[in-house]
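Listed below are the residues making up each chain.
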Amino acid sequence: MEALSVPGPAGDIPLRLYHPERSTPPRPGLLWVHGGGFSGGSVDMPEADVVARELADRAGALVVTVDYRLAGPDTRFPAGLDDVQAAWSWFTDRVDDYGVDRSRLQLGGCSAGGNLAVAAARREVDAGRPGPAGLLLGYPALHFPTPAVEGLRVDELPEILRFTADHMLGVLEGYLGRIHDIPVEAMPGLGSVEGLPPTRLELSGIDELRGSGELFARQLRSVGVPVVTDIADGLPHGHLNIPPVPALPEIDRSLARLAEALRSGPSA
């Protein structure tokens, strides 16, 4: 793993580069964005560090994680999104230096990181720049309010794993500093999905946010964007933040599917 910093809109942005051990150029590339409700999480959490290591190894890809600014009283939307976009611009400018195949350069993330990945891709498309070849998303938060999932039973989950209406209000207020006048960039599932690239969705089975991922898949299909959705049965939100262990084979399967999508394209 290589740590470096790149210029951003409000100072340097720390990045981590995970180089594959067994890979020859041109190789796939991925900018991967951690979750944490916009105001938490880090590049040290398993959802960032472990997933990046696993995908670099399994897909023979260069995976870059971005330590974007977290939301707080003095740092609101679009600070984190601006940092992700700046990291993406840096990566796209240097694909040749790292032996990355530009046609297999993808963007993705989990939960709030999935939101930031979609919003950054939307910016690239709207600006007429070449966007990512694909989106790799884990249980993203893309809509407010969150669409309901019929028959979902989450009452027995601990509160920390729930995404109730009150919880989502708190996440939104922490990110924006308000709960009204919501910009489309803050919840990109509320805007146009036309022009977005092929997408792979890995959703958690027992997760209120599953409704957002499922609706996003329907939105993409409605405009002809290829999308593949898989569900980690029996696992709560954030299942990729649990390191893969033999007792939870669904986590390994999610990683394997993401690695295959990184190798071959998200709609493969």
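Below: a short report on this structure.

1. Things to note about the side chain of Glu202
Working step 1: Following the sequence through the fold, Glu202 ends up in strand β7 (residues 199–206).
Working step 2: Here the side chain of Glu202 touches Ser254 through a polar contact of 3.0 Å, side chain to side chain.

2. As for the nonpolar core
Working step 1: In terms of nonpolar packing, the biggest core is built from 55 residues, with Leu15, Leu31 and Val66 touching the most fellow members.
Working step 2: Apart from the residues lying within four places of it in its own chain, the contact partners of Leu15 are Glu2, Ala3, Leu4, Val6, Val64, Thr65, Val66, Ala87 and Trp90.
Working step 3: Ranked by size, the runner-up nonpolar core spans 22 residues in total, among them Ala59, Ala61, Tyr139 and Ile251.

3. As for the pattern of salt bridges
When charged atoms on two side chains of opposite charge get close, those side chains can pair.
Working step 1: Evaluation of the coordinates by the stated rule reveals 20 salt bridges.
Working step 2: Residue Arg162 is joined to Glu208 by a salt bridge in which the shortest nitrogen-to-oxygen separation is 2.6 Å. In this pair, Arg162 is assigned in the loop between β6 (135–138) and α4 (165–176) and Glu208 in the loop between β7 and α5 (210–222), connecting sequence segments 46 residues apart.
Working step 3: Its relative accessible area of 13% is what places Arg162 among the buried residues.
Working step 4: Among the salt bridges present, the one from Glu250 reaches Arg253, with a minimum N-O distance of 2.5 Å. One end of the pair, Glu250, and the other, Arg253, are both in helix α6 (residues 249–264), three residues apart, so they sit about a helical turn from each other.
Working step 5: The class of Glu250 is buried, set by a relative accessible area of 15%.
Working step 6: For Arg253, a relative accessible area of 39% puts it in the partly exposed group.
Working step 7: Sharing partners across several salt bridges, the network here consists of Arg16, Asp44, Asp49 and Arg53.

4. Some words on α4
Working step 1: For α4, built from twelve residues, the straight-helix expectation of 16 Å at 1.5 Å per residue is met to within 8% by its first-to-last C-alpha distance of 16 Å.
Working step 2: Those residues of α4 that are buried lie in contact with α2 (79–93) and α3 (112–126).
Working step 3: Positive backbone phi, approximately 85 degrees, marks Gly177, located one or two places after α4.

5. Observations concerning the layout of surface pockets
Working step 1: The space that makes up the largest pocket amounts to roughly 350 Å³.
Working step 2: What lines the largest pocket is a set of 20 residues, among which Gly36, Ser111, Ile160, Phe163 and His237 lie closest to the centre.
Working step 3: Sorting elements by how many residues they give to the lining of the largest pocket places α4 first, with three residues.
Working step 4: In terms of residue class, the lining of the largest pocket is made up of eleven nonpolar, eight polar and one charged.

6. Things to note about the packing of helix α1 (residues 49–59) against α6
Working step 1: Packing of α1 against α6 leaves a shortest axis separation of 9 Å and a crossing angle of 55 degrees. Compared by their axis directions, α1 and α6 come out oblique. In this structure, α1 meets α6 at a crossing whose hand is right-handed. On α6, the residues that touch Val51, Glu54, Leu55, Arg58 and Ala59 of α1 are Asp252, Leu255, Ala256, Leu258, Ala259, Leu262 and Arg263.

7. Some thoughts on empty space enclosed by the protein
Working step 1: Scanning all chains against the criterion turns up one cavity of 30 Å³ or more.
Working step 2: Considering only enclosed or pocket space, the largest cavity measures out at about 40 Å³ in volume.
Working step 3: Every residue along the wall of the largest cavity is listed here: Phe38, Tyr68, Arg69, Leu70, Ala71, Thr75, Arg76, Ala79, Gly80 and Tyr175.
Working step 4: Its residues placed into classes, the lining of the largest cavity shows six nonpolar, two polar and two charged.

Thresholds applied
Residues numbered from 1 in each chain as written. Predicted model: local features only at pLDDT ≥ 70, side-chain atom pairs only at ≥ 80, totals over all residues. Heavy atoms only, no water. Helix = DSSP H or I, 4+ residues; strand = E, 2+ residues; numbered from the N terminus. Polar contact = N/O pair within 3.5 Å; in protein donor to acceptor, adjacent residues only side chain to side chain. Core = buried A, V, L, I, M, F, W, Y, C linked by side-chain atoms within 4.5 Å. Buried < 20%, exposed > 50% of the residue type's maximum accessible area, 1.4 Å probe, protein only. Contact = heavy atoms within 4.5 Å. Salt bridge = Lys/Arg side-chain N within 4 Å of Asp/Glu carboxyl O. Expected span 1.5 Å × (residues − 1). 1 Å grid on protein atoms, 1.4 Å probe; cavity = no way out; pocket = protein on both sides within 12 Å on 5 of 7 lines; lining within 4 Å. Points joined across faces, edges and corners; volume = space filled by probe spheres on them. Nonpolar A, V, L, I, M, F, W, Y, C, P; charged D, E, K, R; others polar. Axes fitted to C-alpha atoms, helices over the stretch in contact; angles between N-to-C directions. Parallel < 35°, antiparallel > 145°, perpendicular 65-115°, else oblique. Left-handed = near helix turned anticlockwise from the far one by under 90°.

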